[in-house]
Amino acid sequence: MTSATHRSAEEIGRTARGPRPLPPLGEQRAAADLSHVDTVLSNGLRVLAVRKATVPMVEARLWIPFAGDDALHPATAEVLAETILTGTARRNRIEIDAELALIGGDIGAGVDPERLVLTGSALADKLPTFLDVLGDVLTGATYADEEIAREKERLVERIAVSRTQPRTIAREALQKHRYGDHPATREVPRAEDVAVVTPEQVRALHQASVLPRGSVMVLVGDLDPAGVVGDLEKVLGDWASDRSAVRLPPLPDLTGPNVLLVPRAGAVQSQIRLSAQTIPRTDPGYAALQLANLAYGGYFSSRLVENIRENKGYTYSAHSGFEFTDGTAVVNVDADTATDATAPALLETRYELGRLGQVPPSGDELESVRQYAIGSLLTSTSSQSGLAGQVLALASTGLGLEWLNEHPARVAAVTADEVAEAALKYFAPKRFTGVVVGDAAVLERKLLALGDVVVGEPA
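Cut-offs used in this document
- Residues numbered from 1 in each chain as written.
- Predicted model: local features only at pLDDT ≥ 70, side-chain atom pairs only at ≥ 80, totals over all residues.
- Heavy atoms only, no water.
- Phe/Tyr/Trp six-rings, centres within 6.5 Å; stacked < 30°, edge-to-face > 60°.
- Helix = DSSP H or I, 4+ residues; strand = E, 2+ residues; numbered from the N terminus.
- Buried < 20%, exposed > 50% of the residue type's maximum accessible area, 1.4 Å probe, protein only.
- Lys NZ or Arg CZ within 6 Å of the ring centre and 35° of its normal.
- Pairing = 2+ DSSP bridges.
- Axes fitted to C-alpha atoms, helices over the stretch in contact; angles between N-to-C directions.
- Contact = heavy atoms within 4.5 Å.
- Core = buried A, V, L, I, M, F, W, Y, C linked by side-chain atoms within 4.5 Å.
- Salt bridge = Lys/Arg side-chain N within 4 Å of Asp/Glu carboxyl O.

## Focus on the packing of aromatic side chains
For any pair of aromatic rings, geometry is given as the distance between the ring centres together with the angle between the planes. Scanning the entire structure with this criterion turns up seven aromatic pairs. Here the aromatic rings of tyrosine 299 and tyrosine 372 are separated by 4.7 Å at their centres, their planes lie at 45°, and the arrangement is tilted. Pair noted here: tyrosine 299 is in the loop between helix H10 (286–298) and helix H11 (303–311) and tyrosine 372 is in helix H13 (residues 364–380), with a separation of 73 residues, a long-range link. The class of tyrosine 299 is buried, set by a relative accessible area of 12%. Members of the aromatic cluster, each reached through a chain of ring pairs, are Tyr286, Phe322, Phe324 and Trp403. Seen from the ring of phenylalanine 324, arginine 281 lies directly overhead, with NZ or CZ sitting 3.8 Å from the centre. Taking the ring centre of tyrosine 316 as reference, the NZ or CZ of arginine 309 above it sits at 4.9 Å.

See below:
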């Protein structure tokens, strides 16, 4: 395309009379007005089956509370997640993979201190086969010695690499600073712990903790919601226990304002991680808080991004967002900076927190974040996979599809005064604690001069 015919984005967005106006926000509709069933099976498993027949597929998500107090629990849980699909009494690893491939399906597993999650998908007309494989894994996983040994070796290598990454180091430092020795902090097991996990320990953990009561299964796709519940009763009939899956103990509330400087000698970059207690999605004030967060740092056009990325160039990426754990919620602020920009970036990050409460969003800024909140929710639930993920996140805190259907209207109804109140109440700088991981020899003097910063032990 020649320069004579090419127009820039700025030129396209303008007319002879000035900038083209944005179209008004249209009438809001439900995020997912879909037929569904929300019930509990006889074994205690909560099931949400949602019909979304956009493609002839079904997405499955199984969420199992998976907390543990034992020192080796994180390592054993990680090995379990890596090997749960490597064979059962009826199928070996190759047979599981082959059977899933023949139905256009897959199943994966992941674990963290709060939960074990199995995710998968299959062609809709092959859903009975998919559920049979899943049920077989839940009730008959064998954890063969040779499979445990093979996956442990791979896992040790991955953990060793992960623990050298600045983001992993910063996350672990933040968790310890926020929650001390709470089980929630044990997100990445130690390689030496993984190395000593035995097959017997993995089998015992499956028997004790892979339980239906208190767990949640979400199925979204081209299915009959009522009919699939009956199928699950049959397929998962042998997956039963009088005990409930183990949930994390309640997290302590966060208090500010001290930020911990975690020395990392020679680091050329620093990781800024701030965090404050907020309200969960079940709170009536959550919609206003969501808009306040978007205005602060929740999307690319936010105040924080404009300040420390666009205007000052302190960071390539800055972001704020919510972290939900069981029934609690915090808001996190993340930014990675060059060492010499760390203190100015922390200063400006705190400044924008204070400014949000004193000069809250109004007018065009509020409408911009409102459109983004509603539009991103509708986009995230437009696919079967996205809807399954959203429903699972809600169901794990006791909510259902109704919350998702009603949330666009709640966001549309939020007033400027409600956002101003949320900003003042939850984004005050004194409420935030956190960590800065970086080269203390360069950073300490400047960070201490900002106030509310203390020096901790090296990473």
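## So, the sheet that holds strand E5 (residues 57–65)
Strand order in the open sheet formed by six strands is E3-E4-E8-E5-E7-E6, with mixed pairing between adjacent strands. Pairing within the sheet leaves two strands with one partner each, and these edge strands are strand E3 (36–40) and strand E6 (106–111). Recorded for the sheet is a direction-independent mean angle of 10° between the axes of neighbouring strands. In the packing of helix H4 (residues 127–140) onto the sheet, the strands contacted are E5, E6, strand E7 (115–123) and strand E8 (216–221), and the crossing angle to E7 comes to about 155°.

## Digging into the nonpolar core
One finds Phe66, Leu80, Leu116 and Phe130 to be the most contacted residues of the largest nonpolar core, which totals 54 residues. Of the residues forming this core, the biggest block, seven residues, is contributed by H4. The contacts of phenylalanine 66, once residues within four sequence positions are left out, are His73, Ala77, Leu80, Val111, Pro113, Glu114, Arg115, Leu116, Leu205, Ser209, Val210 and Val246. Core analysis: the next-biggest nonpolar cluster, separate from the first, contains 44 residues, Ala295, Ile374, Tyr426 and Val453 among them.

## As for the side chain of serine 121
Here serine 121 is to be found in strand E7. With a relative accessible area of 9%, serine 121 lands in the buried category. Once residues within four sequence positions are removed from consideration, serine 121 is found in contact with Met57, Val58, Glu59, Gly104, Gly105, Asp106 and Phe130.

## Quick word on the pattern of salt bridges
When their charged atoms lie close together, side chains carrying opposite charge are able to pair. Here the structure, examined in full by the defined rule, presents 31 salt bridges. Overlapping salt bridges bring together Arg90, Arg91, Glu99, Asp132 and Asp136 as one network.

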